[in-house]
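# A closer look at the structure
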Amino acid sequence: MKSLSKLLQAITLMLLVSTQQLFAFFDNDSHLVILDQGWDESDRDFFYFTPQGSPIILYDWFLALEQSNSTDLFRSDTHLKNFGLIPWTKSHSNIDALPIGMTIDNSLYSNERHLGINCAACHTSEVVIDSKTVLVDGGVSHFDLWSFMKNLLASMEATYKDSDKLNRFSERLGQDTAKVKARLRTAIQKQQNWHARNNAETLPGPGRADALNVILNQVTAKMINRPDNARPANAPASYPYIWDTPYLDFVQYIGVVPNDHAGVLARNVGQVLGVFGEVSTISSKLNAGYENSIKTTNLIDIEDKLKTLRSPSWKELSVRGFLPKLNDSLVKEGSKIYKSHCASCHVEIDSSKSRVLNTIQINNTALTEIGTDPGTAMSYASRVVATGPLEGRNSSYIVGTPLCQETYANQILDHMSVAVIINDLSKEKSELIGSLADIFKGFFSSAEKTVADYLSNPNIETRESDKRLIEQMQNANATPEQIASTLKMRDNNKSALYDLIAKNGAGFSKTDSKCLESLETAQYRAKPLNGVWATGPFLHNGSVPTLADLLEAENNRPDRFRTGSPKFDPVKVGFSENNTGVNTLLIDTKLPGNLNSGHEYGVNLSKKDKLSLLEYLKSL
């Protein structure tokens, strides 16, 4: 009977895994709780460890590097947890059991393996409830990128200066010490340049980064060799939660990035450009666009994976006994309050139901109205840079007006993103064009202008992907006439998709066609709030620790608090302060970039109504 019982337990376990049931089969051993967010183990493995073209340091070096003040390895789980990274097990995709979001990547300038970073490092969260750790996919991680990079540089510098460390480092690599030291000097300079470009007086700490300024620094200062274009990264923003992202019409906190057609791909390319992506703006005779490290096909596949990701459920955790049961009466009352005070900005959705891509309308609120910290909005809307070697090139690479001597930084990002996509298309036509077919469905017949003159090799064969394209168009309910028209266009005009990218995907926002005569709107978006309970601290810059604090007037919100702890507070709805000194930062809300002002909606509600609204927000 005992053996039969074990067999039945094993069968039950397999069924749970295969049907993606919500109960984590390893709760008792690891205290890790896996939620039912629509992903299974293979989905998570793909999201956690698929490279996106973001090389940081040689991979073997990362494995062999010691900590700056110790002989212990830098890559040890204990050490990396100090930066908010989440340790993970060995798998086919994660051969050295690195933390979530650390990948094996490639560089534009070397065939050697590099350590890379992908979306999961910043968009996978831990929520600690009593003795249990809940894994939230697509959430706001506690990763402190700045501290990680600072410590990585310190370890590299210590290894260079300390002969004993250098000898041990070289022995682990099995390479000549003198040659290793010479290469290490170059690698250190690269890291020092990154820190110089992205100098931050207002430190981001765990769960935040001034992503827009870092992206613009990489694109306008590093990639075109104009260090004078760099600006301080003093507008930190929380890593946004990304469930439902494929279904929103606009993304980014400032709500200017369209999420339709090629804009989806351009948005993801822009993200990689900011996190160590490499681009050469030297014209190539082999391929159109700019040579780069970015893995465009992987970005398409990662985006596809997000289509099935659902927000975390408080109810699920309460059923399992980890969180308090919701008060149905308060939830009902809170729903009424939400509809009268919140729903006009934060649209309500049901992520468990079938949805259509790019159909959830995002409401944007002008900075002057919402009154929150202006750093993120203003640094994007008004940043002017020199175009350097790009002067005179088309604003969207293949179309658009010539770039002036100076322009808005977002126009350089626009130009660079299109050039990257075009380069990858010209190199990987048969595979990538098939993947992009769904993005461009309905737009093939609108391409009237061709750009063959811009393609240095227009005769690359593309018939190999015809079958895949036909299948995808059929799945998208295209008519036989549309399919035939598309195939004819591909046959007669292999450059049609390039024109479509420029027309439909290049516009991150309004094109600065007259260089400096237009100014972006300074605004912030209001996205759906399902799962928001697990995403603190709040406001776009993480300046308010809990939802309860957010319902207080600005003067009554905490002006200083420590962030970085995954320990959850189910009453005030947020994370408790981290007083351990590990992966922690004291947020001073009086500093520029950290202001906790604005969004004073619901602050005049009664205490009872606030409790009801909180209860409803938990239920979303």
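Residues numbered from 1 in each chain as written. Predicted model: local features only at pLDDT ≥ 70, side-chain atom pairs only at ≥ 80, totals over all residues. Heavy atoms only, no water.

## Section: the overall build of the protein
Along its length, the protein carries 22 helices and 18 strands. The buried share of the protein, taken over its 620 residues, is 56%. Long-range pairs, those at least 24 residues apart, make up 73% of the contacts in the protein with a sequence separation of at least 6. (Helix = DSSP H or I, 4+ residues; strand = E, 2+ residues; numbered from the N terminus. Buried < 20%, exposed > 50% of the residue type's maximum accessible area, 1.4 Å probe, protein only. Contact = heavy atoms within 4.5 Å.)

## Structural notes on the sheet that holds strand β2 (residues 55–58)
Spatially, the 3 strands line up as an open sheet ordered β2-β4-β3, and their pairing is antiparallel. In the strand order of this sheet, the two ends are held by β2 and β3 (102–107), each with one partner. Pairwise comparison of adjacent strand axes, ignoring direction, gives a mean angle of 45° for this sheet. Contacts from helix α6 (residues 145–161) reach β2, β3 and β4 (110–117) within the one sheet, and its direction differs from that of β2 by about 25°. (Pairing = 2+ DSSP bridges. Axes fitted to C-alpha atoms, helices over the stretch in contact; angles between N-to-C directions.)

## Let's talk about the sheet that holds strand β1 (residues 32–34)
Reading across the sheet, the 3 strands line up as β1-β6-β5 and stay open at both edges, with mixed pairing between neighbours. What marks the edges here is a single partner per strand, and that holds for β1 and β5 (124–129). In this sheet, neighbouring strand axes are inclined to one another by 30° on average, regardless of whether the strands run parallel or antiparallel. Sheet topology note: the β5/strand β6 (residues 132–137) ladder contains 6 bridges and is antiparallel. For S125, the partnering residue across the bridge sits in β6 and is V136.

## What to know about helix α13 (residues 328–341)
Taking 1.5 Å per residue as the helical rise, α13 with its 14 residues ought to reach 20 Å, and the 20 Å between its terminal C-alpha atoms agrees with that figure. Within α13, burial applies to V331, G334, S335, I337 and Y338. Buried-residue contacts for α13 involve α22 (607–619). For α13, the capping residue at the N-terminal end is N327, with a side-chain oxygen 3.0 Å from the backbone nitrogen of S329. (Expected span 1.5 Å × (residues − 1). Polar contact = N/O pair within 3.5 Å; in protein donor to acceptor, adjacent residues only side chain to side chain.)

## A closer look at the environment of L35
Among the secondary structure elements, L35 is positioned in the loop between β1 and α3 (41–49). Among all residues touching L35, those that are not within four sequence positions of it are V134, L135, V136, P312, E316, L317 and R320.

## Structural notes on the nonpolar core
Within the largest apolar cluster, 95 residues are counted, with the highest numbers of intra-cluster contacts made by F143 and F148. With 7 residues, the top contributor of residues to this core is α6. Look past the residues within four positions of F148 in its chain and what remains in contact with it is F62, F74, L80, F83, L85, M102, L115 and F143. Listed in part, the 49 residues of the second largest apolar core include L212, Y247, V256 and Y524. (Core = buried A, V, L, I, M, F, W, Y, C linked by side-chain atoms within 4.5 Å.)

## Remarks on unusual backbone geometry
Between G536 and P537 the backbone carries a cis peptide bond, its omega angle lying at -5°. Relative to the assigned elements, P537 resides in the loop between β14 (523–526) and α21 (547–550). Here D130, not a glycine, exhibits a phi torsion of approximately 55°, which is positive. One can find D130 in the loop between β5 and β6. D130 gets classed as exposed once you look at its relative accessible area, which sits at 64%.

## Some details on the pairing of β6
Extensive coverage of β6 is indicated by the burial of 6 of its 6 residues. The alternating pattern of β6 places K132, V134 and V136 on one face and T133, L135 and D137 on the opposite face, and all of these are buried. Alignment of β1 against β6, held across 3 bridges, turns out to be parallel. Among the inter-strand pairings, I34 is bridged to a residue of β6, identified as L135. Where β5 folds back on β6, the antiparallel hairpin that results is connected by 2 residues, among which D130 adopts a positive phi of roughly 55°.

## Topic: the packing of α13 against α22
Here α13 crosses α22 at 95°, and the two axes come no closer than 7 Å. Our classification of the angle between α13 and α22 gives roughly perpendicular. In this structure, α13 uses L330, V331, E333, G334, S335, I337, Y338 and K339 to contact α22, whose residues at the interface are D609, S612, L613, E615, Y616, L617 and S619. Its residues assigned to classes, the contact of α13 with α22 comprises 7 nonpolar, 4 polar and 4 charged. (Parallel < 35°, antiparallel > 145°, perpendicular 65-115°, else oblique. Nonpolar A, V, L, I, M, F, W, Y, C, P; charged D, E, K, R; others polar.)

## Quick look at the layout of surface pockets
Looking at the second largest pocket, its volume works out to about 740 Å³. Around the second largest pocket, the lining comprises 33 residues; the ones closest to its centre are H346, L529, L539, L550 and H599. When residues in the lining of the second largest pocket are grouped by element, the largest group, 3 residues, is from β14. Looking at the lining of the second largest pocket residue by residue, the classes come out as 22 nonpolar, 9 polar and 2 charged. (1 Å grid on protein atoms, 1.4 Å probe; cavity = no way out; pocket = protein on both sides within 12 Å on 5 of 7 lines; lining within 4 Å. Points joined across faces, edges and corners; volume = space filled by probe spheres on them.)

## Describing the pattern of salt bridges
Inspection of every chain in the model, using the stated rule, returns 21 salt bridges. Here D36 ties to R310 by a salt bridge, and the two come within 3.1 Å at their closest N and O atoms. You can see D36 sitting in the loop between β1 and α3 and its partner R310 sitting in the loop between α11 (296–306) and α12 (314–319), a full 274 residues away along the chain. For K618, the salt bridge is made with E615, and the minimal N-O distance between the two is 3.2 Å. Residue K618 and its partner E615 are located together in helix α22, separated by 3 residues, close to a single helical turn. We note that K618, like E615, is buried. (Salt bridge = Lys/Arg side-chain N within 4 Å of Asp/Glu carboxyl O.)

## What to know about the state of the cysteines
As enumerated under the stated definition, the model contains 0 disulfides in all. The closest cysteine sulfur to the non-disulfide-bonded C122 is located on C119, 8.6 Å from its own sulfur. (Disulfide = S-S within 2.5 Å.)

## Observations concerning the side chain of E278
Tracing the sequence through the fold places E278 in the loop between α10 (262–274) and α11. On the basis of relative accessibility, which here comes to 4%, the residue E278 falls in the buried class. Of the polar contacts made by the side chain of E278, one reaches the backbone nitrogen of L108; its length is 2.7 Å. Polar contacts involving the side chain of E278 include one to the side chain of K190, which spans 3.4 Å. Here E278 is in contact with G53, P55, S107, L108, Y109, K190, E291, N292 and S293, once residues within four sequence places are set aside.

This is a description of form; function is not addressed.
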